Amino acid sequence: MKSLFVCLLLALAGQSLAQSQDEFVEYLLEIQYQAEAIHQLMEGTFDNVRFSMSDQLVELNRQLIGRMNEALEEVEQIREDTEAFVGESSAPATCVNVATANWAIEIEGVGQALSRCASRANIQITSRTADVHAALEAAQVQSTELQNIVVRGFIDWNAIDYTEQISAIVGAQIQDKYDYFTRITQPNLERALQAIFDLDDNLLPEIVTCVDRGVERFNNYGRVIRDTLFFCSQ
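Residues numbered from 1 in each chain as written. Predicted model: local features only at pLDDT ≥ 70, side-chain atom pairs only at ≥ 80, totals over all residues. Heavy atoms only, no water.

Participant: Hey, could you go over the environment of methionine 42 for me, with residue numbers and the actual values?
Facilitator: On the secondary structure map, methionine 42 appears in helix H2 (residues 21–88). Overall, methionine 42 belongs to the buried group, its relative accessible area being 0%. Spatially, the C-alpha atom of methionine 42 lies 8.3 Å from that of alanine 139, the residues being 97 residues apart in sequence. (Helix = DSSP H or I, 4+ residues; strand = E, 2+ residues; numbered from the N terminus. Buried < 20%, exposed > 50% of the residue type's maximum accessible area, 1.4 Å probe, protein only.)

Participant: Which residues make up the pattern of salt bridges, and what values do they have?
Facilitator: Across all of its chains, the model carries ten salt bridges by this definition. Residue arginine 62 is joined to glutamate 59 by a salt bridge in which the shortest nitrogen-to-oxygen separation is 2.6 Å. Taken together, the residues span about one helical turn, with arginine 62 and glutamate 59 both in helix H2 at a distance of three residues. Using a relative accessible area of 51% as the deciding quantity, one classes arginine 62 as exposed. Judged by its relative accessible area of 30%, glutamate 59 falls in the partly exposed class. Where arginine 217 meets glutamate 106, a salt bridge forms, and the shortest distance between an N and an O atom there is 2.6 Å. (Salt bridge = Lys/Arg side-chain N within 4 Å of Asp/Glu carboxyl O.)

Participant: Now, about the state of the cysteines: what can you tell me, with residues and values included?
Facilitator: For the structure on display, the rule yields two disulfides. With a sulfur-sulfur separation of 1.9 Å, cysteine 95 is cross-linked through a disulfide to cysteine 232. Where cysteine 95 bonds to cysteine 232 through sulfur, the torsion about that S-S bond is close to 75°, and the disulfide is right-handed. Note that cysteine 95 is positioned in helix H3 (residues 93–99) and cysteine 232 in helix H6 (residues 203–232), a separation of 137 residues in sequence. For cysteine 95, a relative accessible area of 10% corresponds to the buried category. Taking the relative accessible area as the measure of exposure, cysteine 232 reaches 30% and is therefore partly exposed. Two residues share a disulfide in this structure: cysteine 117 and cysteine 210, whose sulfurs sit 1.9 Å from each other. Residues cysteine 117 and cysteine 210 share a disulfide whose torsion about the S-S bond is about -85°; that sign makes it left-handed. One end of the pair, cysteine 117, is in helix H4 (residues 103–156); the other, cysteine 210, is in helix H6, with 93 residues separating them in the sequence. (Disulfide = S-S within 2.5 Å.)

Structural measurements only, silent on function.
Take a look at the structure:
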């Protein structure tokens, strides 16, 4: 960025000899320093938001996937135990047929139930992640505009003859961008990021409950089959 301003300086230097090149460069670098400091603050904030979101989502997904894998293992164990009980049962064939008539449907149903839980989690995570990216996109526009302020100021004014005026005008524009960033942009980013962190308190319990219900329903159906065959064999 410094080289750009130096090139701009050399291009404009021939307009006037009212001030020395050294003085002009001093004003130029002062303005550039102000803009660059705020630009770095903005970019650092954006990076922190991205890293925080990524870390939070990794941990959230770890917990969600962990519970889903446990649920699949539980479902498989229930299926094996129930089918083993049916195979060893001395109940009449008619009773077995009635008791297990919908067993295949229930196996498919629990799979679909767990899939719906996962889809619900994915929709919410995707939505809130999109909100953060949208906030970052809008914030990045502010960062880009900040970088353009200095160049635009030197294009719009006679840079040699009005160095002090440019310093005041451009400095005020830089300050406006900084004020907007602290009042509007940063709070927007914080709210969007907080929504990601809030998933721990609302989405995670919701999906765990969804998964638990699916497993419980399947387990209850397996228990009904076992109880029915037990009574039929008496």
